[in-house]
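Listed below, chain by chain, are the residues.
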Amino acid sequence: MSNSSTQEVLGPQDRPSLKRWIPLSFQHVFAMFGATILVPLLTGLSTNTALFTAGTGTLIYILLTGAKVPTYLGSSFAFIPPLVAVGQAYGIPYAMGGAMCAGVFYAVIALIVKFAGRKWIDRALPPVVIGSVIIVIGMCLAPTAIKEALYVGSTGASEDYSLVYMSIAVVTLAIAVIATICLKGFFNTLSILIGLIGGYIFTLIMGFFFPSYHLIDFSLVREAKWFGLPFLQLNAEGHYYWMAPKFNLVAILTFVIVSISTVCEHLGDILTTSKVVGKNFYEDPGLHRTLLGDGVATAWAALWGGPPNTTYGENIGVMAITKVYSVWVIGGAAVIAVVLSFCQKFGALIQTIPTPVLGGICTLLYGLIASSGLRTIVESGVDYQNKRNLTISSVIMVIGIGGGVLQFNIGSTFKFSLGSVALATVVGIILNLILPVDKPEKSVENE
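Note that the coordinates shown come from a computational prediction; the quantities given were computed from them, not determined experimentally.

Asks: How should the overall build of the chain be read in this particular structure?
Replies: When its secondary structure is counted, the chain shows 18 helices and six strands. Buried positions account for 53% of the 447 residues belonging to the chain. Long-range contacts, defined as pairs at least 24 residues apart, comprise 80% of the intrachain contacts of the chain with a sequence gap of at least 6. When the accessible surface of the chain is totalled, it reaches about 19500 Å², and 67% of it is carbon and sulfur.

As structure tokens, this is what we get:
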């Protein structure tokens, strides 16, 4: 009997028993955790705040979509460049203001879709553009997974290469892959969580015998408080405060332009989720409601000093592996994230997960994102004998994966930069709109 035949499928409205519900939700927490905390770590924001706004943002999304779409929202990688640039030029509060306006931009698009329909989106963002951009998103994340898996530090220089890191990543990935392929029934649905725990235990045990494997330090856990408000920031004087967003035109413009790529990412994720689950979420609850949920969640995150949210391919990957599509499970993960964001000791414990363990898991999950882009293209029937489609995909992928960038000075202090996924998205949209559509030729057989 095949593995898929013994694996129970849970639909979006199905609620599992409590003994299954909790571990299934925890698996989604672990799947999103690495990426969700990495964005604040790279941009100088609070990881606890990011966890809080991701969880509450997901609950907002579920509410606004009528609890029909099993999608988890977390910190967006696409917004790292504007968060850093605006934060350095004007300060983090102005970056939060720009992020909040990006969420409003989502809401405006949702409003247009509601009253004007989505044909204009279909025209601007057909499957050849969406699929290619999703591939770019996965492939742009791939170097992060490899650096985490192979290199000490963030430089990825050859002298930082570590066989210890590689061995941990390989063991973690192997455990996750074996669990996915070999385990059946309930345990198969926990393959990602099993891989993370297995890699963690392997590192912990090896650390007892070999000093080079001693990567887990519990001192942060001992020093952390049990309880703390995740949305309050700590200043240099040791006082907590709420970081209210501030606004200026440059920051707003920067975030709105970058949000074009995340809108495309959203469309791709919703389309991919529809394919994975077997339901058309573009029609029910409607693209306008999913866009609104994403936008409100992003504005909400910025209000509390968290990074902008986006639909998470990592969690789509988990659903694709486990066949568990329950909104209850996603909502449970969001509640767990919110509760845990108040527990500083848990946050400290999660931060003890070794980097190569995350690298091993992300090798699988980021690959699934790129593969979902390929699936979008294949299942949409994109014809690559058509030179127009071939040209659009080729340019998108080279600019996105190659790190293309458009930058220029605005005023005397700020350098505007649009690169990678964002630039590839804009170029793909432009090419799709200006390149002539080939008329189908009669085949020899039909004559």
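Asks: Quick question: what am I supposed to make of unusual backbone geometry here?
Replies: Glycine aside, residues mostly have negative phi, and peptide bonds are mostly found in the trans state. In this chain, Asp284 is followed by Pro285 through a cis amide linkage whose omega measures 15°. With respect to the helices and strands, the residue Pro285 is situated in helix α12 (residues 282–303). Of note in the backbone geometry, Ala67 takes a positive phi value of approximately 55° without being a glycine. Mapped onto the elements of the fold, Ala67 is located in the loop between α3 (47–64) and β1 (73–75).

Asks: Would you mind showing me how to read the packing of aromatic side chains here?
Replies: The geometry of two aromatic rings is summed up by the distance between their centres and the angle between their planes. Counted according to the given criterion, the structure contains nine aromatic pairs. Between the aromatic rings of Tyr151 and Tyr161, the centroid separation amounts to 5.9 Å while the plane-to-plane angle is 75°, which identifies the pairing as edge-to-face. With Tyr151 in the loop between α7 (127–150) and α8 (163–182) and Tyr161 in the loop between α7 and α8, the pair connects residues that are 10 residues apart, well separated along the chain. What links up through ring pairs into an aromatic cluster is the set Phe52, Phe227 and Phe342. Above the plane of the ring of Trp328 lies Arg15, whose end atom (NZ or CZ) is 4.6 Å from the centre.

Asks: Is there a simple way to think about the packing of α7 against helix α16 (residues 355–379) in this case?
Replies: Each pair of packed helices can be described by the angle between their axes along with the distance between the axes. Here α7 crosses α16 at 165°, and the two axes come no closer than 8 Å. One finds that α7 runs roughly antiparallel with respect to α16. Between α7 and α16 the crossing geometry is left-handed. In the contact of α7 with α16, the residues fall into 17 nonpolar, 10 polar and one charged.

Asks: Explain the environment of Thr310 to me, please; I cannot follow it from the model alone.
Replies: Structurally, Thr310 is set in strand β4 (residues 309–311). The exposure class of Thr310 is buried, given its relative accessible area of 2%. Separated by 12 residues in the primary sequence, Thr310 and Thr298 place their C-alpha atoms 7.4 Å from one another. Not counting chain neighbours up to four residues away, the residues in contact with Thr310 comprise Tyr72, Leu73, Gly74, Ser75, Ser76, Glu265 and Asp294.

Asks: Explain the packing of α3 against helix α14 (residues 327–341) here, please?
Replies: As a packed pair, α3 and α14 sit with axes 8 Å apart at the nearest point and diverge in direction by 150°. In terms of orientation, α3 and α14 fall into the roughly antiparallel class. Both α3 and α14 take part in a crossing whose hand is left-handed. Residue-level contacts link Asn48, Leu51, Phe52, Gly55, Thr56, Thr58, Leu59 and Ile62 of α3 to Val327, Ile330, Gly331, Ala334, Val335, Ala337, Val338, Leu340 and Ser341 of α14.

Asks: What is the right way to read the environment of Arg375 from this model?
Replies: When you line up the elements, Arg375 lands in helix α16. Note: C-alpha distance between Arg375 and Lys275 (100 residues apart in sequence) is 8.8 Å. The residues touching Arg375, leaving out its near neighbours within four places in the chain, are Lys275, Val276 and Ser380.

Asks: Hey, could you run me through the confidence of the model for the chain in this one?
Replies: Do not read the predicted coordinates in detail wherever pLDDT is low. Per-residue confidence for the chain gives a mean pLDDT of 81; residues scoring 70 or more make up 88%. Low pLDDT (under 50) marks residues 1–6, which in the prediction has nine contacts with non-local residues, meaning those over four places away or in another chain. Across residues 443–447, where pLDDT falls below 50, the model places one contact with residues more than four positions away in sequence or in other chains.

Asks: Would you mind showing me how to read a nonpolar patch on the surface here?
Replies: Nonpolar side chains collect at one region of the surface, where Ile197, Ile201, Ile205, Phe208, Phe209 and Phe210 lie side by side and expose about 650 Å² of accessible area between them. Accessibility expressed as a relative area gives 43% for Ile205, which makes it partly exposed.

Asks: Help me understand the side chain of Thr65 in this model?
Replies: Residue placement: Thr65 occurs in the loop between α3 and β1. On the basis of relative accessible area, Thr65 is assigned to the buried category, the value being 0%. In contact with Thr65, other than residues within four places in its own chain, are Pro285, Arg289 and Thr290.

Conventions used here
- Residues numbered from 1 in each chain as written.
- Predicted model: local features only at pLDDT ≥ 70, side-chain atom pairs only at ≥ 80, totals over all residues.
- Heavy atoms only, no water.
- Helix = DSSP H or I, 4+ residues; strand = E, 2+ residues; numbered from the N terminus.
- Buried < 20%, exposed > 50% of the residue type's maximum accessible area, 1.4 Å probe, protein only.
- Contact = heavy atoms within 4.5 Å.
- Areas by Shrake-Rupley, 256 points an atom, 1.4 Å probe, with all protein chains shown as cover.
- Phe/Tyr/Trp six-rings, centres within 6.5 Å; stacked < 30°, edge-to-face > 60°.
- Lys NZ or Arg CZ within 6 Å of the ring centre and 35° of its normal.
- Axes fitted to C-alpha atoms, helices over the stretch in contact; angles between N-to-C directions.
- Parallel < 35°, antiparallel > 145°, perpendicular 65-115°, else oblique.
- Left-handed = near helix turned anticlockwise from the far one by under 90°.
- Nonpolar A, V, L, I, M, F, W, Y, C, P; charged D, E, K, R; others polar.
- pLDDT = per-residue confidence, 0-100.
- Patch = residues over 30% accessible without salt bridge, like charges linked within 9 Å, V, L, I, M, F, W, Y side chains within 5 Å.
- Salt bridge = Lys/Arg side-chain N within 4 Å of Asp/Glu carboxyl O.

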